[in-house]
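So you can see what is in the structure, the chains are spelled out below.
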Amino acid sequence: MKKLFIIALSCLSFAATAQIDRTKLPEPAPAREIEIGDYEKFKLKNGLTVILVEDHKLPTLGFTLSFNTGPITEGDIAGYTGIFGQVMGAGTVSKPKDVFNEEVDFMGASLNVGSSSISAFSLSKYKEDILKLMTDVLYNPAFPEDEFDRAIEQSLTGIKQSLDNPDAIAANVRGIVNYGKDHPYGEIVTEESLKNITLEDLKQHYAKYFKPNIAYLVIVGDITKKEAQSLTKDYFGSWKSGEVQKEEFEAPEMVTKTNISFVDRPSSVQSVISISYPIDNKPGTPDVVKLSLLNTILGGGGLSTRLNMNLREDKGYTYGANSSIGSSRYSAIFNAGASVRNEVTDSALTQFMYELNKITSELVTEEEFELAKNSAKGSFARSLEGRGTVASFALNTELNNLPDDYYATYLQRVDAVTREDLLEVAKKYIRPDKANIVVVGKAEEVASKLEPFGEITYYDAFGNVVDDPTKVVISGDVSVESIIADYIEAIGGKAALDGVETLEYSANATLNMGGQSLEISRTVYQKSPDKFVDATTIPMMGEQKQVYNAGSAKVIAGGQTIPVQGPQVDALKYFAVMFGERFYLKEGFSAEYKGLKKIGGKDAHRVDVTIGSFTAMEYYDVETGLKVQSDLGQNGTYSYSDYTEYNGIKLPKKLSVKTAALPVPMEFVINEVKINEGIDDSIFN
C-alpha cells in the first residue's frame, strides 16, 4: 500500500510539472511600495520650510535655498533673470568677489546663486563657515557695477552666438508660436532688451522675491535633525518675511491647426525640424506616467525608438530623431524634432507625421511596452542612488501638492499601465493635425516642398514675421553686368584695380567667450592673378595658413601640410583671384542675378557666383553699390563694412566672419594695407 501511495505521489508530481510551460518566463511579481528614504520637514516662524535628509555615509553637506517665484514676465528687460545670479553672487557688502571666492575655495566648497535659488556644498566640518557665506550673500549682496557690466557684455556675445545656431533659432520661434511674445514662456532675449536692463532691475527682483515665506531650504548630508534645527534657526530665523505678489499664469491657447513657421538660413545645408504644441500635463495626474512610457517608445528612449529607427536607421535622413513630453504645474510642451539634410526635409516631415499618426491609431507592441516599462523602472532605481534624490522628491511633493506616497508607489503605477492606456493618452495628447511646425533652413531649397503640410509663415531669428524670402523681386533695369560695374566703380574703378599686382593687409579680431578674450591676428597676401595666402594666428594654437597657387591648394597647420581637394579648391579660388568680380562674366566663372533682399535692413542685390562646384551668394547694397555680404554655405558668412580708401582703392576695413567652426562671430579690423609693395613668390609655396 505504501508503495502504491509513493507511485501516486510521483504521478501527481509529474502532472504538476507537465503543466509548467518552461518556454515562457515566469510572470513578474507585482510591484511593492518601496522605501524611498526618510526625510524631516519643519518650518521656521518666518515661513521658511526646511526639508532635511540625513545621510552620514560621507562627511559632506549641501544646502539649497529655492524660491517658489512662479513664471516671471521680463518684458522689455528680457534676460535680466539670466544675469541675476552672476551679479548677486559676485561678493557681498563686506567681502569683495575675490575675497569671497577665496574663502569658498579654501574650504574646497562651492556656492552658486541663481534668479530663484542659492546653493552651497562643503565638508560637514565647514557647515557653519559655508552657512556664514551663504547667508552673507542672501542678506548683504553687493551687486557690483563692474560685474553687472561684465554679465551684460557676456550675454550680448551669447546673443550673437545664438543668431548663428539653428537650434537656438528654432527654440526662439517655438516659444513665440506656442505662447506669444508677451508670455513668460515665449519671451526672447535681444540686444535691445539686454541694453534696457539696469542694476536697479536686479535689486528690485531681489527685494521682491527673496523672502522666506516662499522659500524652501533643502539640507542633505552629514547632519542630525537637532543640529539642522539649531543652525537654521541661527542663520535664517531672523530673516524677515514679506508679501510676495506672484504673477497670474495665463495658460496658452490650444493650437487649432497645423502651421509651418519657417526661418530662412541661406547658408544651411541641413534643416532643423521641430513639431510642438503646449499640453496640460501636471505632475501627479494619472496621465503623467502613461505619457512618460509613451514618449519612451515614440522618441525619448534612445536609439531604438520609433522615430529614430525610422528616420535614422531605415531612411538615413538624420543622425538622430527624438521627442519629449514635458510635465509642469503651469504648462508643458510636446516636441519632436531632428536635423535633416535639405533635400529630404519634406520626406523627413512626412515620416514624422506617419509615426505620430501611427502611435495614435494602434496599440504599441508587447515588446515595446515591456522595454519601456523596464526602462522606467531602471531609471527610477538608478535615481535612488543619488544623495539628493529623496530631498528632490520631497520638494516636488511640496511644490506640486502630491500625495505623501507619490514616489513610494511609483513602480506600482508603472505596473498598472496597460497598452490600452498608452493608446488612450496618445489619442488625447499626440496631435499632428494641430501642431506648430518650426523649420530653420534654406528656404530657397526647402520651403515650397512644405506647403502640403500647412500654411507657411516666415520669421527671422527673433521671431518677427518677415516677407517670403523665396519671392524674388527683380529690378527691371538691373543686371549682373550693371551690379558688378557699379561695384567696381565704387571701390576705385577698373583701371585702378587692373593696376594692382600685389595686395597685403593685416587685421586683428578679439574672440570673447566664457569670460575670456583671445586676440587673433590675420594677414592676407595676394599676387595677381591668383596667388593667395591667408595666415591666421590664434593664441595657444599657433599659425594656420590657407594657400592657393594657380590651381593648387593646401592648408598648413600644426607643422603639417594638408592638400586641399574637391570643392574646397574652388572655394579657395574664390578668395584667391584678386578683385575676382572683374572676371565674373568670363570663362571659369558664372554669375546670375537673383533679385533683391534685405541685408541689415537695407535693400541689396543678390548675385550668385559659381566657380566649378562652389557657389557664393553675394549681396550688393542698392544705394552705394558696395558688396556688403557673401554667404558661402558651409564656409560661413562674411559681412563687409566701413569701406576705407587705400591708395585710391576702397577696401572694407571691417570683416565679420560667422562659421560653424567659431562659437561666436569674429570681427576683423584692418590695421595695415600694402598695395604694390611686392610679395616674394616663395610665400605662396
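Our subject in this report is the structure included herewith. In every chain, residue numbers begin from 1 and rise along the written sequence. Confidence filtering applies because this is a predicted model: local features only for residues at pLDDT of at least 70, side-chain atom pairs given and counted only at 80 or more, and all residues used for totals across whole chains, interfaces and linings. Working from all heavy atoms in the structure, the side-chain values ignore hydrogens and water.

Focus on the overall build of the chain
Logical step 1: Helices and strands together make up the secondary structure of the chain, namely 20 helices and 25 strands.
Logical step 2: With respect to the three principal axes, the spread of C-alpha positions in the chain is 120 × 75 × 50 Å.
Logical step 3: Expressed as a percentage of its 685 residues, the buried residues of the chain come to 46%.
Logical step 4: Taking the intrachain contacts of the chain between residues at least 6 apart in sequence as the baseline, contacts between residues at least 24 apart amount to 69%.
Logical step 5: For accessible areas, the Shrake-Rupley method is used with a probe of radius 1.4 Å. Any residue's cover is judged against the shown protein chains and nothing else. Only carbon and sulfur atoms are counted for the fraction: they give 50% of the accessible area of the chain, which is about 34,100 Å².
Logical step 6: Counted as positive: Lys and Arg. Counted as negative: Asp and Glu, with His and the chain ends omitted from the count. In this description, the location of a charge corresponds to atom NZ of lysine, CZ of arginine, CG of aspartate or CD of glutamate. If the 70 positive side-chain charges of the chain are averaged to one point and the 95 negative ones to another, these points end up 6 Å apart. Secondary structure follows DSSP: runs of H or I at least 4 residues long count as helices, runs of E at least 2 residues long count as strands, and numbering of each begins at the N terminus. Exposed residues in this analysis have more than 50% of their type's maximum accessible area, buried residues have under 20%, and partly exposed residues fall in between, with area computed by a 1.4 Å probe over protein chains only. Note on contacts: a residue pair is in contact if any heavy atoms of the two residues lie within 4.5 Å.

Some details on the packing of helix 2 (residues 80–88) against helix 8 (residues 199–209)
Logical step 1: Two numbers describe how helix 2 lies on helix 8: the axes approach to 10 Å, and their chain directions differ by 85°. Between helix 2 and helix 8, the crossing angle belongs to the class labelled roughly perpendicular. Of the residues in helix 8, those in contact with Tyr80, Thr81, Ile83, Phe84, Val87 and Met88 of helix 2 are Leu199, Asp201, Leu202, His205 and Tyr206.
Logical step 2: When residue character is reported, Ala, Val, Leu, Ile, Met, Phe, Trp, Tyr, Cys and Pro are called nonpolar, Asp, Glu, Lys and Arg charged, and the others, Gly included, polar. Classifying every residue of the contact of helix 2 with helix 8 by side-chain character gives eight nonpolar, two polar and one charged. Between the N-to-C directions of two axes lies an angle of 0 to 180 degrees, each axis being a line fitted to C-alpha atoms and, for a helix, fitted only over the stretch in contact. Should an angle lie under 35 degrees it is considered roughly parallel, over 145 roughly antiparallel, and from 65 to 115 roughly perpendicular; all remaining angles are considered oblique.

Considerations on the pattern of salt bridges
Logical step 1: The term salt bridge refers to a pairing of a side-chain nitrogen on Lys or Arg with a carboxyl oxygen on Asp or Glu at a separation within 4 Å. Counted by the stated rule, this structure contains 31 salt bridges.
Logical step 2: Salt-bridge contacts for arginine 606 lead to glutamate 444; the nearest nitrogen and oxygen are separated by 2.8 Å. Of this pair, arginine 606 sits in strand 20 (residues 602–611) while glutamate 444 sits in helix 17 (residues 443–446), and the two are 162 residues apart along the sequence.
Logical step 3: With relative accessibility at 12%, the residue arginine 606 sits in the buried group.
Logical step 4: For aspartate 621, the salt bridge goes to lysine 602, with nearest N and O atoms at 3.7 Å. Of this pair, aspartate 621 sits in strand 21 (residues 614–621) while lysine 602 sits in strand 20, and the two are 19 residues apart along the sequence.
Logical step 5: A residue is classified by how much of its surface remains accessible, and aspartate 621, at 7% relative accessible area, is buried.
Logical step 6: Connected through salt bridges with shared partners, the residues Glu444, Lys594, Arg606 and Asp608 form a single ionic network.

Let's talk about empty space enclosed by the protein
Logical step 1: Each cavity reported here is a set of points on a 1 Å grid over the protein atoms alone in which a 1.4 Å probe fits but cannot get out, each pocket an open set with protein on both sides within 12 Å along at least five of seven lines, and each lining residue one with an atom within 4 Å of a point. Grid points are joined across faces, edges and corners, and a volume is the space filled by probe spheres set on the points. Evaluated as defined, the whole model comprises one cavity of 30 Å³ or more.
Logical step 2: For the largest cavity, the calculated volume is near 610 Å³.
Logical step 3: Considering the residues around the largest cavity, the lining is formed by 31 residues, among which Tyr505, Gln526, Phe575, Tyr640 and Pro652 are closest to the centre.
Logical step 4: Elements with a minimum of two residues in the lining of the largest cavity: strand 13 (502–513), strand 14 (516–527), helix 20 (567–576), strand 23 (637–646), strand 24 (649–658) and strand 25 (666–675).
Logical step 5: The leading source of residues in the lining of the largest cavity is strand 24, at five residues.
Logical step 6: In the lining of the largest cavity, the residues fall into 23 nonpolar, two polar and six charged.

Remarks on the nonpolar core
Logical step 1: As used in this record, nonpolar core signifies buried Ala, Val, Leu, Ile, Met, Phe, Trp, Tyr and Cys residues forming a set joined through side-chain atoms within 4.5 Å. The biggest cluster of nonpolar side chains holds 59 residues, and the ones touching the most others in it are Phe262, Phe334, Leu349, Phe352, Ile430 and Leu450.
Logical step 2: The biggest single contributor to this core is helix 10 (residues 287–300), with seven residues.
Logical step 3: Every residue in contact with phenylalanine 334, bar those within four places of it in the chain, is listed here: Ile275, Ser276, Tyr277, Ile279, Leu298, Ser324, Ile325, Leu356 and Ile430.

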